[in-house]
Structures are given as C-alpha cells and as structure tokens.
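Residues per chain are reported as follows:
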Amino acid sequence: MAAAVQIVFTEEELLETIYRAEIEQNVKFVKHRKKGSSVSTGDINSLTGFRVWFEDPQHSLSVFPSVPYNGVPFIIFNTETYECHQGPQRGEHLEEEKMTEDHSYQSHSRKKIQTTKKRECPAKLKVRRVIKFPEYKIIGEPTQRKKRTLSEKLKQEFSQQTEKELLIHLYIAAESDHKNHLLGEMAGFNQPIDKRVICRIKELASSGHRNVASVKIILEDWIHKEISPEAAKSNRRFFPSNNDIGNHIYHAVVGSNLRSAHEDQMSLRKMVESLKQSNPKDKYLFRPASSDGEDVTSMLLVLQTNFQQRLLERYGEITLMDATYKTTKYEIPLYNLCVQTNVGFFIVASFFLSTDTKNSVQEALEVIKRWNSSWKPKHFMCDFDVKEIGAIESTFKDTTVLLCDFHRDRAWQRWLNSSDIPNKSDIVKQLREIASAETEEAYHLLVETMKKSTSYTKNEKFRNWLDKKWLRQEKRWAFCYRRHLRNIISTTNGIETQYKDIKHHYLKEFGIGKSLTNVTEVLLEKFFPDAKMRFVW
C-alpha cells in the first residue's frame, strides 16, 4: 500500500478508513498529537480564535492537498497526528527510562528484559478537519474587502444553526514507511488488544463466562461475525492470548474495589442486603470483622436458601458437618452442613468464619438452629475434631456426635506412620476389625485381644494413644454402637464430593480472584441452584 491522501465527510467514515488501513498493514496507529480545538465539530459555539480562509495553497512541507478557491469560506478546525504503535518513546515512559539509567544501582523486584516495545518507527497517519460555510459564499469578484467583510459577518452571526460542511483529509503512510519492527503477518503478535474485544470479554465475564477456554471460543466466533472476518489468528488485536483473556476476566470480576479485606467486606455487605430484599424467603447473616480498641469482633457469614431449609427439615435427622479451606484468598474455613437424601448428598447450610474456634462454630450453629426451629437432629457426623464436637454438643444437647470412618482410618494411619511403632499393618488390620464389630460382645473381645498383643503391652506410647484418645470415644466410631440407626451413614465423604465439585468445577470456572464476595456469589448463583435442579429432576 502506497502513501495516499483520502477525503472523507463524516467521523464514521474516518474511523472506518483508519481501521481498514490498520488491517491492511497489520499495524495499530495511536494518537500522538492534536493541534487545534479539543471539542468535536458539533460543539463549536464560536469562531473566536479561528482564522477564516477562502483558499489554502499547497504548502511545500504539508502532506495535505490544497483547498482551492470556490467562494466558500472555511476554517481548519484541527489536525491530528497518529504514530505507529511501535514509534518513538515519549512522555513519562521516556523520563522513567532516563531515571532508570541515571540510578542503575537501584534494585527492582522484577527485572525488565525489554523495557519498551517502541522501535522508533517513523510511519505516521495524519488527519485535518476542514469546516466549510456555504451560506456565506462570495458572489462575483473575490476582492479582499469582500473576504474581510464576509469573515467578520460569519464570526458575528455564527451559531449552532449555521450551515456547516465537514471535509476530512486523511494522510496514510505507506506500508514501506514502517521501519525497525516486524511487518506482515508476524506484526500481529505485538499489537494491543482492540477495545471492542476487551469490552466483549468483560461482558462475557459479567454474564458468568469466566473460564478462559470457553470465553476464547465465544470470542473467536463473535470476532469473525461482528468485527473482522479476514483477521488472522496471529493478530493479537483481535485474538488475545489465554493470559490476556484471563487478566481481563479477572479485572472484570474483581475490579478495583476488592483490593483489601475491608473493601471485600463492604462489597459483601451490600450484596447480602440486596439478596435479603430480592430473596426474602432465604436466610442470610453477615457480620463483618471489626476492632474497637481491645474489643475485636470476628467475621461471620451464614447462608441458607429456602430450598435448603426444606431439605434439612426433611432429612436432617442425621446431619454431616465438615470444613474445607482454600476456597477464598483468605485463610478462612468454609463449613457446610450436609444431609443424605433419596438422590444423594446435598449441602443444606454454609458458613464462613474468620476465627476457627469452638465458640465461633457454635455461634454459627446457633444461627442455623434458630432459622430451623423444627429441626431436631438425633445424630451429627464429623471428623475427630474436639472443637467441632464441642460446638455441636453445646448447641444440640440431645444429639450424639459420630465420627467419620474414612477420616478415622486416615487418622490412624497418619499417626502410626509418624511413629516408630513396629507391625503397623497388623495394628491397622486389628483396629479395623474392632471398628467393624457387629455386636458389643465382639467389640470388647477384639479390644481385649488387642490389649494382649505385643504392640500394646510393650509400647507405652501406643497404649496411651489407643486408651486415652480412641477407646474413650468408642461410641462415636465403633459400628456396634450405631447399627440401630435407620439411615446408617459411615463417612462424611458425601461432603467431600460436594467440595470437589465446588473447587474443581465452579470456583475454577467462575471464582476469579477468590474474594469472599465472589465465592459467595458463585455458591448462591451457580452451585446451589444447580444442586436444586439435580434434586428436582
């Protein structure tokens, strides 16, 4: 493409012409300088400061064509200069680079291998806007007196209603004018992302599409249909990288308002207040963390939908409770209550705690108990966690707390592997036989056999661990003490399955930033509604 001057008559034509030139040359032009009025042509209220012309002869250094005399006065409204995006380094970036050179002894956390993409490319694109006023056309001989009189009259009488004709001269550098950087198809790798593409990514993120792979597929189809069907996939302007897409999704979801725990809590408070108004049957409690001198209040967030309340009332005779971490960017646990229904396990209440203590867990359980007055759990199942057991038994006086078989076995193996006790595999086998004994007589017989073994009689450490920790809590984990239950649940793995689904599907796809607000949004708007549909179907 050779250098050329084109004439267009509207701003839309100008933008379209620049766009076509950028596509053809596979470059991006960025505005460097604007000379003249900074307002748009439609906002001109006065011609004060403008010179009225009747002709503009070709200047020897100008790239623009002359405006020949035809009797119609005009003004040169402004001129703009666009440079190749890999043109000269300017402004603050140049000062920053100079400062770095002058103070090279300063250490930086990140070493910049390439300080700038600029390559001093001389290619330019120039725009000149000319506005004509055909109502004031000179009739007859164009004397200097007539020109002066019409110029003064035009300036005095000018208003928004004055007839105006816009003429835009556009000079586009030739492709050969680009220097010092890649050209052709390879030039697309260095282009900045198109603003329309960024807006589309943010729209998709706001509507729930937060997985980079799925956004990329939707984006490519949209670009071919709506933006540029001929754009090459190597052109980063229209086909951003996975990292680019991920960054824009992150900023769309997290934004600039959730940069601290305090701001996150303020955002969460607003969301909970909005949810209470839009979903009055659901239950929400949010208390932000605060500190007033020596009086420190911990953060508490409790969530339960109306559908979860119905499930808890119907299936909550045996309730499972477990905590998981690493769902948010903070070191706070997510506790869930879960019940077994006729179609599987379902979470029926959730709460986040900033302080993981017996009192804080009990406080959350008291809230859920108050919300569900008809819920009378006979049994709870959890891990062998003294804090959780104490909180449950303090909240529900007539409830028996059972221990999960899976976590019990894992606790046995973990303790034995960390000790120097011999015959570990035999001990584990004996412990499992004790745990699965079907009657109390068989249970006590197997315990006596264990106490006569060499591992027990010759190892004080093992005796203390078995007697003081496990045999004192035998009614929580031995099968013979729970075989009378109508709905026998032996493990909390039903919750573990829910956690796997939450973390590896929902939070991985939608939990960008992992703020507390974002994770709560994912639970309430994605995970819980999908679980409800699974139960209904």
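Residues numbered from 1 in each chain as written. Predicted model: local features only at pLDDT ≥ 70, side-chain atom pairs only at ≥ 80, totals over all residues. Heavy atoms only, no water.

**Q** Explain the sheet that holds strand β12 (residues 344-353) to me, please; I cannot follow it from the model alone.
**A** Strand pairing in a sheet relies on backbone hydrogen bonds. The paired strands run either parallel or antiparallel. Pairing in this open sheet of 7 strands is mixed, and the strands run β6-β9-β12-β11-β10-β13-β14 from one edge to the other. The open sheet is flanked by β6 (283-287) and β14 (400-403), the only strands paired with a single partner. Ignoring strand direction, the axes of neighbouring strands in this sheet form an average angle of 25°. Helix-sheet contacts for helix α17 (residues 493-510) involve β10 (318-324), β11 (334-341) and β12, and the interaxial angle to β10 is about 40°. (Pairing = 2+ DSSP bridges. Helix = DSSP H or I, 4+ residues; strand = E, 2+ residues; numbered from the N terminus. Axes fitted to C-alpha atoms, helices over the stretch in contact; angles between N-to-C directions. Contact = heavy atoms within 4.5 Å.)

**Q** I tried to follow the pairing of strand β13 (residues 379-382) on my own but got confused; where do I start?
**A** The alternating pattern of β13 places His-379 and Met-381 and Phe-380 and Cys-382 on opposite faces, both of which are buried. In terms of strand pairing, β10 meets β13 through 3 bridges, oriented parallel. If you follow Ile-318 over to β13, its bridge partner there is His-379. When β13 meets β14, the two strands line up parallel, connected through 4 bridges. In the sheet register, Met-381 faces β14, and the bridge partner there is Leu-402. With respect to chirality, the unit in which β13 leads through helix α10 (residues 386-395) into the neighbouring parallel β14 is right-handed. (Buried < 20%, exposed > 50% of the residue type's maximum accessible area, 1.4 Å probe, protein only. Right-handed = clockwise from strand over helix to strand, strands pointing away.)

**Q** What's the story with the pattern of salt bridges in this structure? I'm lost.
**A** Side chains that differ in charge, positive against negative, can pair when their charged atoms come close. This structure, assessed with the given rule, holds 15 salt bridges. Lys-387 is paired through a salt bridge with Asp-356; the nearest N and O atoms lie 3.8 Å apart. Residue Lys-387 is found in helix α10, and its partner Asp-356 is found in the loop between β12 and α9 (358-371); the two are separated by 31 residues along the sequence. Given the relative accessible area of 18%, Lys-387 is considered buried. (Salt bridge = Lys/Arg side-chain N within 4 Å of Asp/Glu carboxyl O.)

**Q** What's the story with unusual backbone geometry in this structure? I'm lost.
**A** Backbone geometry at Lys-326 places phi at a positive 65°, although glycine is not the residue there. Overall, the relative accessible area of 66% leaves Lys-326 in the exposed class. For Asn-423, which is not a glycine, the phi torsion comes out positive at approximately 55°. Turning to its location among the elements, Asn-423 is positioned in the loop between α11 (405-417) and α12 (424-435). We classify Asn-423 as partly exposed; its relative accessible area is 45%.

**Q** Any chance you could explain the packing of α9 against α10 here in plain terms?
**A** To characterise two packed helices, one gives the angle between the axes of the helices and the distance between these axes. Where α9 contacts α10, the two axes come as close as 8 Å, and the packing angle between them is 40°. The angle between α9 and α10 places the two elements in the oblique class. The crossing of α9 and α10 is right-handed. Listed contacts from α10 to Lys-358, Val-361, Gln-362, Leu-365, Glu-366 and Lys-369 of α9 are Lys-387, Gly-390, Ala-391, Ile-392, Ser-394 and Thr-395. The class makeup of the residues in the contact of α9 with α10 is 4 nonpolar, 4 polar and 4 charged. (Parallel < 35°, antiparallel > 145°, perpendicular 65-115°, else oblique. Left-handed = near helix turned anticlockwise from the far one by under 90°. Nonpolar A, V, L, I, M, F, W, Y, C, P; charged D, E, K, R; others polar.)

**Q** So what exactly am I meant to see when it comes to the packing of aromatic side chains here?
**A** Counted according to the given criterion, the structure contains 18 aromatic pairs. Put simply, the rings of Phe-384, Trp-412, Trp-415, Tyr-443, Tyr-456, Phe-462, Trp-465, Trp-470, Trp-477 and Tyr-481 touch in pairs and so form one group of aromatic residues. One cation-aromatic arrangement involves Lys-469 over Phe-384; the distance from NZ or CZ to the ring centre is 5.4 Å. (Phe/Tyr/Trp six-rings, centres within 6.5 Å; stacked < 30°, edge-to-face > 60°. Lys NZ or Arg CZ within 6 Å of the ring centre and 35° of its normal.)

**Q** Hey, could you run me through the side chain of His-407 in this one?
**A** In this structure, His-407 sits in helix α11. Residues within four places of His-407 in sequence aside, it is in contact with Asp-383, Thr-492, Asn-493 and Glu-496.

**Q** What am I meant to see in the nonpolar core here?
**A** Formed by 56 residues in total, the largest nonpolar core has its most connected members in Met-321, Leu-337, Phe-351, Tyr-443, Phe-462, Leu-466 and Trp-477. Ranked by the residues each element gives to this core, the list is headed by α9, at 6 residues. Aside from chain neighbours lying at most four places away, what touches Met-321 is Tyr-335, Asn-336, Leu-337, Phe-351, Val-361, Leu-365, Phe-380, Met-381, Cys-382, Glu-388, Ile-392 and Ile-495. If you look at the next biggest cluster of nonpolar residues, it comprises 25 residues, including Met-271, Val-272, Ile-502 and Leu-524. (Core = buried A, V, L, I, M, F, W, Y, C linked by side-chain atoms within 4.5 Å.)

**Q** Would you take a moment to explain α17 for this structure?
**A** Each α-helix turn comprises 3.6 residues. Residues three or four places apart therefore point the same way. Between its terminal C-alpha atoms α17 stretches 24 Å, which fits the 26 Å expected from 18 residues at 1.5 Å a residue. Along its length, α17 shows its largest kink, about 30°, at Ile-502. Among all positions in α17, only Gly-494, Ile-495, Gln-498, Tyr-499, Ile-502, Tyr-506, Leu-507 and Phe-510 are buried. (Expected span 1.5 Å × (residues − 1). Bend = angle between axes of the 7 residues up to and from the residue.)

**Q** How should the side chain of Gln-304 be read in this particular structure?
**A** The residue Gln-304 is located in strand β9 (residues 300-304) in this model. For Gln-304, a relative accessible area of 0% gives the class buried. Of the polar contacts made by the side chain of Gln-304, one reaches the backbone oxygen of Val-348; its length is 3.0 Å. Polar side-chain contacts of Gln-304 include one of 2.9 Å to the side chain of Asn-372. Not counting residues within four places of it along the chain, the set of residues in contact with Gln-304 comprises Asp-282, Lys-283, Gln-309, Leu-312, Val-348, Ala-349, Ile-368, Trp-371 and Asn-372. (Polar contact = N/O pair within 3.5 Å; in protein donor to acceptor, adjacent residues only side chain to side chain.)

**Q** Help me understand helix α7 (residues 261-278), please; the structure alone is not making it clear to me.
**A** For α7, with 18 residues, the first-to-last C-alpha span of 25 Å sits near the 26 Å given by 1.5 Å per residue. Restricting attention to buried positions, one finds in α7 the residues Asp-264, Gln-265, Leu-268, Met-271, Val-272 and Leu-275. Along α7, the residues classed as buried sweep out an arc of 125° about the axis, all on the same side. Away from the buried face of α7 by more than 90 degrees, exposed residues His-262, Lys-270 and Gln-277 are located. (Arc of directions from axis to C-beta.)

**Q** Help me understand a positive patch on the surface, please; the structure alone is not making it clear to me.
**A** Residues Lys-358, Lys-369, Lys-376 and Lys-397 make up a contiguous surface patch of positive charge. Locating Lys-397 in the fold gives a position in the loop between α10 and β14. (Patch = residues over 30% accessible without salt bridge, like charges linked within 9 Å, V, L, I, M, F, W, Y side chains within 5 Å. Areas by Shrake-Rupley, 256 points an atom, 1.4 Å probe, with all protein chains shown as cover. Lys, Arg positive; Asp, Glu negative; His and termini not counted. Charge placed at Lys NZ, Arg CZ, Asp CG, Glu CD.)

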